[in-house]
Amino acid sequence: MQLTPKQYKEKMQRRKAIQEERLAEKIAEKGLIIVNTGDGKGKTTAALGMVLRSLGHGYKVAVVQFIKGAWEPAEQKIFSVWGEQIEFYAMGEGFTWETQDKERDIEKAQEAWQKALTFLENPQYKLILLDEINIALKFGYLDIQEIIAGLARKPANSHVILTGRGALPELIEIADLVTEMKLIKHPFRQQGVKAQPGIEF
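Residues numbered from 1 in each chain as written. Predicted model: local features only at pLDDT ≥ 70, side-chain atom pairs only at ≥ 80, totals over all residues. Heavy atoms only, no water.

What to know about a nonpolar patch on the surface
Side chains of M1, L3 and Y8 sit close together on the surface and give an oily, nonpolar patch of about 400 Å² of accessible area. Inspection of the secondary structure puts L3 in the segment before α1 (5-24). A relative accessible area of 35% means that L3 is categorised as partly exposed. (Patch = residues over 30% accessible without salt bridge, like charges linked within 9 Å, V, L, I, M, F, W, Y side chains within 5 Å. Areas by Shrake-Rupley, 256 points an atom, 1.4 Å probe, with all protein chains shown as cover. Salt bridge = Lys/Arg side-chain N within 4 Å of Asp/Glu carboxyl O. Helix = DSSP H or I, 4+ residues; strand = E, 2+ residues; numbered from the N terminus. Buried < 20%, exposed > 50% of the residue type's maximum accessible area, 1.4 Å probe, protein only.)

Below is the structure:
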């Protein structure tokens, strides 16, 4: 049944009152641990959207990329216009099948984590993105308990985003927000389309 304009307005007023009542009970602010995982595309892209949003609010932001780094990510170039408001470190040396050196991959992951800790412990940074750290954890390059202990040291109002497929259950357990990207179709699998600038990198 289609509502009359008057009925629709009354319905929306009731919904607004319920929403305002719900919001009145909630806390104003809390630093979140956010995990973007799953086999689908968009984990880093979604996280970079939050980076952009935080920069727009004037917050200081840090990005540490754990796997990427053998090439210069396009996002590093564009974020450089924010100057000292953002710190960006692409500290990996590429995908494991390209590096083919497990010890070196572990060393680079450990270096990236030590760099990440300097931001996690610094209250000046409102948002810290640990890009592809889930991959480093999944492969055993980093110790999950060490990461959890490091996350516990972050300031109460700082947000941390951890991306990458295969997020460990221990990380999901402590996270405040977990999103799983589900793969439905991908142009590489269905059409043989290689990674393209502006889409994958």
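Quick look at the side chain of H159
Structurally, H159 is set in strand β5 (residues 159-163). Excluding residues that lie within four positions of it along the chain, H159 makes contacts with K30, G31, L32, K126, L127 and I128. (Contact = heavy atoms within 4.5 Å.)

A closer look at helix α5 (residues 102-120)
Over its 19 residues, α5 extends 26 Å from the first C-alpha to the last, a length consistent with the 27 Å expected when each residue adds 1.5 Å. The complete set of buried residues in α5 reads D105, K108, A109, A112, W113, A116, L117, F119 and L120. (Expected span 1.5 Å × (residues − 1).)

Focus on the packing of aromatic side chains
Going through the model one piece at a time under the given rule, you end up with 5 aromatic pairs. With a centroid separation of 5.7 Å and 55 degrees between ring planes, the pair formed by F139 and Y141 is classed as tilted. Residue classification places F139 among the partly exposed residues on the basis of a relative accessible area of 39%. Residue classification places Y141 among the buried residues on the basis of a relative accessible area of 7%. Every member of this aromatic cluster is reached through a ring pair, and the members are F79, W82 and F88. It is K115 that lies over the ring of Y89; its NZ or CZ is 4.5 Å from the centre. We note K126 situated over the ring of Y59; from NZ or CZ to the ring centre the distance is 5.3 Å. (Phe/Tyr/Trp six-rings, centres within 6.5 Å; stacked < 30°, edge-to-face > 60°. Lys NZ or Arg CZ within 6 Å of the ring centre and 35° of its normal.)

A short note on the pairing of strand β4 (residues 125-131)
Taking burial as the measure, the 7 residues of β4 include 7 buried ones, the bulk of the element. Across 6 bridges, the pairing between strand β2 (residues 60-65) and β4 is parallel. Considered in β4, the bridge of V63 is made with L129. Relative to β5, β4 is paired through 4 bridges, and the arrangement is parallel. (Pairing = 2+ DSSP bridges.)

Things to note about the nonpolar core
Burial of nonpolar side chains together is a common tendency in soluble globular proteins. In terms of nonpolar packing, the biggest core is built from 30 residues, with F66, W113, L130, I133, L142 and L162 touching the most fellow members. Counting only elements with at least two residues in this core, the list comes to β1 (33-37), β2, α5, β4, α6 (133-138), α7 (144-151) and β5. The biggest single contributor to this core is α5, with 7 residues. Once residues within four sequence positions are removed from consideration, F66 is found in contact with G92, A109, A112, W113, A116, L130, D131, E132, I133, A136 and L142. Within the second largest apolar cluster, 13 residues are counted, among which are V51, V61, V63 and I161. (Core = buried A, V, L, I, M, F, W, Y, C linked by side-chain atoms within 4.5 Å.)

A word on unusual backbone geometry
Residues other than glycine seldom take positive phi values, yet E132 does so here, at roughly 65 degrees. Relative to the elements of secondary structure, E132 occurs in the loop between β4 and α6. Overall, the relative accessible area of 14% leaves E132 in the buried class.

Quick word on the UniProt feature "domain: Cob(I)alamin adenosyltransferase N-terminal" (unreviewed entry) in the protein chain
When the UniProt feature table is mapped to this numbering, "domain: Cob(I)alamin adenosyltransferase N-terminal" (unreviewed entry) covers residues 4-23. Between the end C-alpha atoms of residues 4-23 the distance is 29 Å, and the span holds 95% helix and 0% strand. (UniProt positions renumbered as here; feature names shortened; annotations may be inferred.)

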